[in-house]
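In case you want the letters, here they are:
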Amino acid sequence: MIAHMRFLIAGLVLVGASGLAYGLRPTPVVELRDVDLERQIPSSFGSWHEVRTGQVQVDLAPRGENGEPEATLIWPYDKTLTRVYKRADGQTLMLALAWGSKQRQEIKVHRPELCYAGQGLRVVEHRNTPLELSSGTQVVATRLLTKNNARMEPVTYWIRIGDKISFSAWQSRIQILQEGLHGRIPDGILVRVSQALPLEARVEESYAVQDDFLKQLYAAVDTAGKGVLVNGRQVSAQ
Amino acid sequence: MSSVLAASRSEPRGASSLLRWIPVVLGLGMMYVPTYIDMWKYFWFREDNAHGPLIVAVVAWLIWRRREVLTGPAEQTRPVWGSLLISLGLLLYVVGRSQGVAQPDAFSQVPLLLGLVLALQGQRAFRVLLFPICFLTLSVSLPGALLDVVLIPLKHFVSSIVEEILYLAGYPIARAGVVLNIGPYQLLIADACSGLNSMIALTCVGLLYVYMSQRNSIAHNVILLAFTLPIAFVANVLRVLTLVLVTYYFGDSAGHSFHDYAGYAEIAFAFGAFFVLDSILVRVLADGRDGHLEKCAAG
């Protein structure tokens, strides 16, 4: 009977562990209803205005093996927004935002590197650069130069997980774990702008256009919108 | 300790002793049913992870096959070491499960099961079940970020070898990165085609073969193990090669339908290769001529 008791105790310990793991699950910080990209991102601001075109943007999540969107792949976003904007001088630019209220280890914002590579655009340059959105607000953005045989697409993006910018999938995982151990599930967003250009276009000029767009956009959105784009904590404080 | 041993010695043998495990099995069920649901949801539905559930099934069978070590009376239990392993398993589980980190969550089964066997049943059962339980490690799916580090160079390597071979054989083939152009067709060497996951699956086949064949000679087992990865790699290259040729001769749709079965053909090939290698080793190592081979391996 004593030996049987040990089996029973072991069983109870296991049940306890399953309960403990259940009890320690973190909870989301940002509510779904706090974010409405369509409303928060103006369609016209400064020298930029939205234009309707048939331009197809690079996906926000990698595609499946045979090129079709992976239906079984878990879609990590709650709200997405893709728009094309035109500046008064004729420059056009693509904006893609993808926001998810719950960033988890296996369901989180996808990195554009993989999405571009998945659609046949080679990533030929990859570097981080500080970007001053307004005096006092700086993000470290990633510049991604992508090319195929017909065109190139310089990209500027950042991924925010909670209140930090994440430069790599590993960093995202660590940030999600750190937040989780404090009982919080952070939200996350991908902010991506790019221009589809002929191969001979000047890359640095394109980046200047992209920086101009991002600065004017940041100036035009309200505080909650700024929070969504750059600093997660401010969103819930609103 | 001695009172526990005395008490366990008076226990009845046979099927009823298996019933002792019911609380443990129920506890494990409560812990790991959610884990397995998540594994399925995030990893196993992809064909490049299809070996995951198979490994779990194989492990279950391997343990069931040796269930007599779990039904007998407990002997030489190691409560301290067992509890340490159990604690490690529980720690990995609680952090992994609550934080949604799949790898520690799933891997926690290994120390936990080993600890439970050692603490509750004893050293003999521990030794017998050591391989099957550790084998479970290979069912744990790796995170995408880690896979990409190994996968992308592997894909390029496999594609370039396939290109070389077909080019030397006179086929109209060209390669751009992981895209192979043969005749009018274009094939993308996707993750599943030459991925680490199928390498893992094939390595499993090798390990399992070595475990099941139970050769007494250490040299024999060492040589078999050393050939595991090379055989897995060759099987992979052959799979892509066959896929490219099927597409070239029979068209795109034939290639696609072959693709679904190629994985099984690959495993059959690997198993066959192990069998042949094993037979050769039996002959060579038993043969007096090659007694020195064993000495070399031993010294």
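Here the structure is a predicted model, which is why all the values come from computation and not from measurement.

### Re the overall build of chain A
If you tally the helices and strands in chain A, you get seven helices and twelve strands. Within chain A, buried positions represent 48% of all 238 residues. As displayed, chain A offers around 11100 Å² of accessible surface, 54% of which is attributable to carbon and sulfur atoms.

### A short note on the packing of helix α4 (residues 51–65) of chain B against helix α9 (residues 123–135) of chain B
Residue and element names in this part refer to chain B. Closest axis-to-axis distance for the α4/α9 pair is 9 Å, and the angle between their directions is 170°. Considered as vectors, α4 and α9 are oriented roughly antiparallel to each other. Here α4 contributes I55, V58, V59, L62 and I63 to the contact with α9, which in turn contributes L129, F131, P132, I133 and F135. Here the contact of α4 with α9 is built from residues that sort into ten nonpolar, no polar and no charged.

### Side note on the side chain of A:S166
All names here are of chain A. The topology assignment puts S166 in strand β9 (residues 164–166). In this structure the side chain of S166 is engaged in a polar contact, spanning 2.6 Å, whose partner is the side chain of S172. Not counting residues up to four positions away in its chain, the partners in contact with S166 are R111, I159, I161, Q171, S172 and Q175.

### Concerning unusual backbone geometry
Residue and element names in this part refer to chain B. A positive phi angle, close to 50°, is found at Q76, a residue other than glycine. Here Q76 lies in the loop between α5 (68–71) and α6 (79–99). Residue classification places Q76 among the partly exposed residues on the basis of a relative accessible area of 44%.

### Topic: the packing of aromatic side chains
On inspection of all chains with the given rule, the structure shows 16 aromatic pairs over all chains. Geometrically, the ring pair formed by B:Y248 and B:Y249 is edge-to-face, given 5.1 Å between the ring centres and 70° between the ring planes. Owing to a relative accessible area of 27%, B:Y248 belongs among the partly exposed residues under this scheme. By relative accessible area, which is 51% here, B:Y249 ends up exposed. Through a chain of ring-to-ring contacts, three or more aromatic side chains come together here, namely A:F45, A:W48, A:Y85 and A:F213. When the ring centre of A:Y207 is taken as reference, the NZ or CZ atom of A:R143 above it lies at 4.4 Å. Geometry around A:Y218 places A:K226 over its ring, the cationic atom sitting 5.0 Å from the centre.

### Re the nonpolar core
Formed by 39 residues in total, the largest nonpolar core has its most connected members in A:L14, B:V24, B:L28, B:M31, B:L112 and B:L116. Of all the elements in the fold, those that place two or more residues in this core are α1 (2–23) of chain A together with α3 (22–44), α4, α5, α6, α8 (109–120), α9 and α12 (196–213) of chain B. Ranked by the residues each element gives to this core, the list is headed by α8(B), at nine residues. Excluding residues within four positions of it along the chain, B:L28 makes contact with A:L14, B:V33, B:L112, B:L113 and B:L116.

### Focus: the packing of α3(B) against α4(B)
Residues and elements named next belong to chain B. At a minimum axis separation of 10 Å, α3 and α4 run at an interaxial angle of 145°. Contacts between α3 and α4 pair Y36, W40 and W44 from the former with G52, P53 and V56 from the latter. Classifying every residue of the contact of α3 with α4 gives five nonpolar, one polar and no charged.

### A look at the confidence of the model for chain B
Residue and element names in this part refer to chain B. Here chain B averages 81 in pLDDT, while 83% of its residues score no lower than 70. Counting contacts from residues 287–299, a segment whose pLDDT is below 50, to residues more than four positions away or on other chains yields eight contacts. As scored by the predictor, the complex reaches a pTM of 0.75 and an ipTM of 0.75.

### Remarks on the pattern of salt bridges
Residue and element names in this part refer to chain A. Applying the stated rule across the entire model yields 18 salt bridges over all chains. R127 serves as the salt-bridge partner of E125, at 2.9 Å between the closest nitrogen and oxygen. E125 gets classed as partly exposed once you look at its relative accessible area, which sits at 32%. Here R202 and E205 are joined by a salt bridge, their closest N and O atoms 3.6 Å apart. Via salt bridges that share partners, E38, E50, R52 and R83 belong to a single interconnected network.

Conventions and cut-offs
- Residues numbered from 1 in each chain as written.
- Chains lettered and ligands numbered in written order.
- Predicted model: local features only at pLDDT ≥ 70, side-chain atom pairs only at ≥ 80, totals over all residues.
- Heavy atoms only, no water.
- Helix = DSSP H or I, 4+ residues; strand = E, 2+ residues; numbered from the N terminus.
- Buried < 20%, exposed > 50% of the residue type's maximum accessible area, 1.4 Å probe, protein only.
- Areas by Shrake-Rupley, 256 points an atom, 1.4 Å probe, with all protein chains shown as cover.
- Axes fitted to C-alpha atoms, helices over the stretch in contact; angles between N-to-C directions.
- Parallel < 35°, antiparallel > 145°, perpendicular 65-115°, else oblique.
- Contact = heavy atoms within 4.5 Å.
- Nonpolar A, V, L, I, M, F, W, Y, C, P; charged D, E, K, R; others polar.
- Polar contact = N/O pair within 3.5 Å; in protein donor to acceptor, adjacent residues only side chain to side chain.
- Phe/Tyr/Trp six-rings, centres within 6.5 Å; stacked < 30°, edge-to-face > 60°.
- Lys NZ or Arg CZ within 6 Å of the ring centre and 35° of its normal.
- Core = buried A, V, L, I, M, F, W, Y, C linked by side-chain atoms within 4.5 Å.
- pLDDT = per-residue confidence, 0-100.
- Salt bridge = Lys/Arg side-chain N within 4 Å of Asp/Glu carboxyl O.

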